[in-house]
Amino acid sequence: MSTSSTPSSGDNQPSQATDPLAWRRHLPALASAAAGINEACDAWDAVSDSLCDADGWPLDDKVYGGGKVKRDAEAWKHAEVFLDHGPEVLAGVRAAADGPDYVEGPISDDLRRIRGIDTTLFRAQELRHEWADVMALMDGSQPSVLHLYKERAEEHRNTEGRHYSHELGSKGPALVRVGEYLAHRADTERPTQTERARVALTRSTHNTPGVSPASPQLPPASQPPAPGRSR
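Residues numbered from 1 in each chain as written. Predicted model: local features only at pLDDT ≥ 70, side-chain atom pairs only at ≥ 80, totals over all residues. Heavy atoms only, no water.

A. Geometry of the nonpolar core. Residues Trp23, Phe82, Val93 and Leu175 are the most contacted members of the largest nonpolar core, which totals 33 residues. Mapped by element, the contributors of at least two residues to this core are helix H2 (27-48), helix H3 (61-96), helix H6 (117-137) and helix H8 (162-207). Residue contributions to this core peak at 9 residues, all from H3. Beyond its immediate stretch of four places on either side in the chain, Trp23 contacts Glu88, Val89, Gly92, Val93, Gly179, Leu182 and Ala183. (Core = buried A, V, L, I, M, F, W, Y, C linked by side-chain atoms within 4.5 Å. Buried < 20%, exposed > 50% of the residue type's maximum accessible area, 1.4 Å probe, protein only. Helix = DSSP H or I, 4+ residues; strand = E, 2+ residues; numbered from the N terminus. Contact = heavy atoms within 4.5 Å.)

Put into structure tokens, the structure is as follows:
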């Protein structure tokens, strides 16, 4: 089962807390995971027919079954990357997409393609938790028995997760494309918004009535001389 490193509490926390596009840092991992799932499936499809007779029955059940086990294990390994990174990207995409994006435009088709991916992620996450619970129950078993049980439990998990892996391999690239588009659009809009704010501030400053210059002070009126004494 794949593990994901959790950053320490002090790592990049200020930038992640203030950056609404922090989810885009997961996009490369999702792109690689989707490619990995599809490569595993394509590799099996390329040889599976050659392992069967003219009627489609396996020539060797052990070889054929082993190929499927290998495919499912490889696909699930990449599916777990989606479980670690996908929910945050999906939430970010839904927050960044506007209503018109769903109706028309360059990502409208991909937004339709990713419908239901949240359910797929949820079900796959449940399957992973079930497997972890099973392994926790086996924790006290003898090492030799534990190894056998773990192998069988993993094979069962990978087989049960085959549908979820396939769904993530199919919809994952659309999620990545949508995320990349929305992140790029936000990057291009930010300078424009900053410039508009600067212009508005400049205009506001120029339109503020200036303080009238102080009127020059007039010298005090000369006082008439006091009447002198008569001589």
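This is not the end of the story, as more comes after the structure.
B. How the structure looks around the packing of aromatic side chains. Enumeration over the complete set of coordinates arrives at 1 aromatic pair. Geometrically, the ring pair formed by Trp44 and Tyr64 is edge-to-face, given 5.1 Å between the ring centres and 65° between the ring planes. Linking Trp44 in helix H2 with Tyr64 in helix H3, this pair joins segments that are 20 residues apart in sequence. When the ring centre of Trp131 is taken as origin, the NZ or CZ atom of Arg157, which lies over that ring, is 4.5 Å away. (Phe/Tyr/Trp six-rings, centres within 6.5 Å; stacked < 30°, edge-to-face > 60°. Lys NZ or Arg CZ within 6 Å of the ring centre and 35° of its normal.)

C. Main features of the pattern of salt bridges. For the structure shown, the criterion picks out 15 salt bridges. Residues Arg162 and Asp72 are paired through a salt bridge, measuring 3.8 Å at the closest nitrogen-oxygen approach. One end of the pair, Arg162, is in helix H8; the other, Asp72, is in helix H3, and 90 residues separate them in sequence. Here Asp72 falls in the buried class, since its relative accessible area comes to 6%. Across the pair Asp109 and Arg112 runs a salt bridge whose closest N-O atoms are separated by 2.4 Å. A residue pair is termed a helical-turn pair when its members lie 3 or 4 positions apart in one helix, as Asp109 and Arg112 do in helix H5 (residues 108-113) at 3 residues. Take Asp109: its relative accessible area is 41%, and that puts it in the partly exposed class. A relative accessible area of 35% places Arg112 in the partly exposed class. (Salt bridge = Lys/Arg side-chain N within 4 Å of Asp/Glu carboxyl O.)

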